[in-house]
Amino acid sequence: MITSLKWVVVLLCSAMLSRATDFQPKVQQSSIRNMGMFDTFEGTSHLLATTEDVLVRSRDNGATWINASGIETNSTLSTIYTDPFHKSRAFARTADSTYMSNDNGANWKRLNFSLDDANGTIRKSHRITTHPLNEYYLMLEGFSCQPFETSGQGFNETSEFESGPEEICSSYSFLSSDGGETFFEVHPPGSTQTDDSVNNFHCEFGRADRYSRLGNQSDVFCMLYSFSSDFGSDNSITIKFFKTTVFGETVQEIDQFQGQKVQNFQVTRDRILVTTASEDTENSVSAHVWYSDDGSSFEEAQLPVEAYVFLSFVSEETSRKQFLSFIKFEKGNDEPCGSGLLMSDSTGLGFSELDLFSTNDTREYSVHGVKGLEGVIYASFYSFGQFGISKPVPKISLDNGKTWRGLELEEPEARMDCENEGKDGATCSAAQAFIDSWSLTPVSESAARSGILMARGSISHDADSTTHPQQSYISRDGGASWSKAFDVVVRAAFGDRGNVIFAVPRYRERGSNEALKAYYSLDRGYTWSEYPLEETLDPNIALRASVVSNNLTFTVFVSTSRSYDKDFKGDASDSDTNDVYTNVYVFDFSEVFDGKTCTESDFEYWYQSEGRCVNGAKYKYRRRKADAQCLVNEPFAASEKIEEPCDCTQEDYECAPMFVRDKNGTCVPDESLLKASGACGGAAETAELVPMRLELGNKCVNPLDIEPVQAVCGGSSGQNKDSFEAKF
């Protein structure tokens, strides 16, 4: 609900910003013919863009463009991307070469890596991964193909047998320790690759980000999945999980996984996780998860049951929590009986099933943390309703995964949509209106710490509805509450710690007579001003728009093309007719509020997660007041996170090893875990164990004194549940 206080904020913003509404940003415009893709160097005014045969760059946020130096002309550029760790570096790939720049795209050099090898294999695609700490460590991965003749035993695209020329494709990994001057190919230990081997290869650096201290800097972990392409052979499968280094001096298979069916692995900041599969005597498949905090020895994690298969990593690590999606089978049944998400405890050695989405069908899941906000996690799953329509359904947690909820909307937006749908206003309340089919807009850490998040989705009062139009929503309190910002889907960018928000509709469909406009807000999205991007528009031309930010400068790319018009009957020989023109607009907000810098009275503090304790502390941040007539003027610096420790409560504790939560949330002994642990040795009938422990990394003070309980060897079955309640 929007309280009267929130309405006061809106009215104050409208009054105080009356002078700001007269402000007009400085606008410069340029144009790029047949632009393919673009990328930005974070925190600078430098941009890159591809055309049909040349790479162009800008040094002034896109106001002007010049050709990049060092890349051969008339080369079709298939990919460009900037380095997420080493901010002035970028890579570009053509049909036959890979180039690197270390000076914001001014100069480029060709890497010493050939797309053809001595065996005639053509390396069709690849991408370079960089090391978060050492700029000289590079990893190049892709796939290569070579022709071969089938003899009536291969499959064509229509799944029918045929004879004739085919391609056999395998993936590969190369490493460099000298910044791309030389590369060597990674080979698994004891490699016996033959000409008909199909190799699926994947490697990751042992350091996931610049804060990781896992293993050695030069460590690289790899997995090989290999089988024969000869359909007449025994087609045996080889799976290897091994460790090497960027120098290639050692290649060592990790002993614990020799002979095991490794499914996947993931390197996070503090741990490496590996999933494997095994079969029992009844040919039932079970999945397992393994954990290592040193990259050498692995310990098996605890799963709720043994009937999980196809475990997949679906998230980055967020506050030491790891998420896995699963498909579940009943023992002796080949048909899946459900799917869902598993969430780890703080150690990564214990997983529990999350009851977030009411479905027994197999689904796709995604989980992400919000960078800059402690313990804020959002999850969604993709359901497939009538006619195969995919609808992502979101949930958000403000307390590191302990509780989850839908994205409820404030009034009056929710009630307004109830009325528009012809619902009964007495029963269709704001509490029943939620955002579904959503996708969170990427935001900077500085904007998130000002509470600003944006998402696209639709309002629904019916959980099964898939027909509601997509709209744009905003949160000003770190995801705790949401309100509608636009009736259309927009691309948004953020400046001055989220105090300046710039948005542009993602597209305008062919046949629309509406002019494409840009929108900007100077008060965290309470009010918006507009700026027309095109004065005259041909309705037969569709538009696509993107926007990027360099603090107080926003660059908008608007692509116009008749290629979107399937009914266009123009002369295909006319190059001007078939060209795609991208208009580039550069908006400068540096003079808003006359460039005045905020003073202390212009700031306020806000608490994330509605002021609740998360990981044993409350977190608050300093931000500019919404109605302040000034700029923070601290480019790219996020507000400091201020921790206020909380007294420890049961919420700060998790089940100890050999304990699991029952349906009431009580930590009770697990029979199988007790047996496996050896805690019940000899003829002992009971074992004295502490049922709960403080979460790893929790910051609460005054820890609880948790008394041990007597766990009955042989399990908790038949025991009084109260005997296992944690005593303090």
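Rules used throughout
- Residues numbered from 1 in each chain as written.
- Predicted model: local features only at pLDDT ≥ 70, side-chain atom pairs only at ≥ 80, totals over all residues.
- Heavy atoms only, no water.
- Helix = DSSP H or I, 4+ residues; strand = E, 2+ residues; numbered from the N terminus.
- Contact = heavy atoms within 4.5 Å.
- Areas by Shrake-Rupley, 256 points an atom, 1.4 Å probe, with all protein chains shown as cover.
- Buried < 20%, exposed > 50% of the residue type's maximum accessible area, 1.4 Å probe, protein only.
- Polar contact = N/O pair within 3.5 Å; in protein donor to acceptor, adjacent residues only side chain to side chain.
- Pairing = 2+ DSSP bridges.
- Core = buried A, V, L, I, M, F, W, Y, C linked by side-chain atoms within 4.5 Å.
- pLDDT = per-residue confidence, 0-100.

With respect to the overall build of the protein chain
No. 1: Counting its secondary structure elements, the protein chain contains 5 helices and 50 strands.
No. 2: Pairs at least 24 residues apart make up 54% of the contacts formed inside the protein chain by residues separated by at least 6 positions.
No. 3: Of the roughly 34500 Å² that the protein chain leaves accessible, carbon and sulfur atoms contribute 46%.

Some remarks on the side chain of Ser 483
No. 1: Inspection of the secondary structure assignment puts Ser 483 in strand S33 (residues 483-486).
No. 2: Residue Ser 483 is classed as buried on the basis of its relative accessible area of 4%.
No. 3: Here the side chain of Ser 483 touches Arg 476 through a polar contact of 3.5 Å, side chain to side chain.

Some remarks on the sheet that holds strand S19 (residues 272-279)
No. 1: In space, the 4 strands of this open sheet follow the order S18-S19-S20-S21, with antiparallel pairing throughout. For this open sheet the edge positions go to strand S18 (261-267) and strand S21 (299-300), each flanked by a neighbour on one side alone.

A short note on the sheet that holds strand S6 (residues 77-82)
No. 1: The strand order across the open sheet built from 4 strands is S6-S7-S8-S9, with neighbouring strands paired in antiparallel fashion. The open sheet is flanked by S6 and strand S9 (109-110), the only strands paired with a single partner.
No. 2: Bridge analysis of S6 against strand S7 (residues 90-94) gives 5 bridges, and the strand direction is antiparallel. Bridging across to S7, Leu 77 finds its partner in Thr 94.

What to know about the side chain of Thr 553
No. 1: Looking at the secondary structure, you find Thr 553 in strand S40 (residues 553-561).
No. 2: Ignoring anything within four residues of it in the chain, the contact list for Thr 553 reads Asn 61, Val 548, Val 586, Phe 587 and Asp 588.

As for the nonpolar core
No. 1: The biggest cluster of nonpolar side chains holds 23 residues, and the ones touching the most others in it are Phe 502, Leu 533, Phe 554, Val 556, Val 558, Phe 587 and Phe 589.
No. 2: Counting 21 residues, the second largest nonpolar core, distinct from the first, contains Val 376, Leu 398, Leu 440 and Val 614.

Regarding the confidence of the model for the protein chain
No. 1: Taken over all residues, the pLDDT of the protein chain has a mean of 77, while the share at 70 or more is 71%.
No. 2: In this model, residues 412-433 is a region of pLDDT below 50 whose contacts with residues beyond four sequence positions or in other chains number 34 contacts.
No. 3: With pLDDT under 50 throughout, residues 562-576 is counted as low confidence; its partners more than four residues away or in other chains account for 19 contacts.

Let's talk about the environment of Ala 679
No. 1: Tracing the chain through its elements places Ala 679 in the loop between helix H5 (671-677) and strand S48 (686-689).
No. 2: Considered as a pair, Ala 679 and Cys 713 are 34 residues apart in the sequence and their alpha carbons are 8.5 Å apart.
No. 3: Other than its neighbours up to four places away in sequence, Ala 679 contacts Met 658, Leu 674 and Ala 687.

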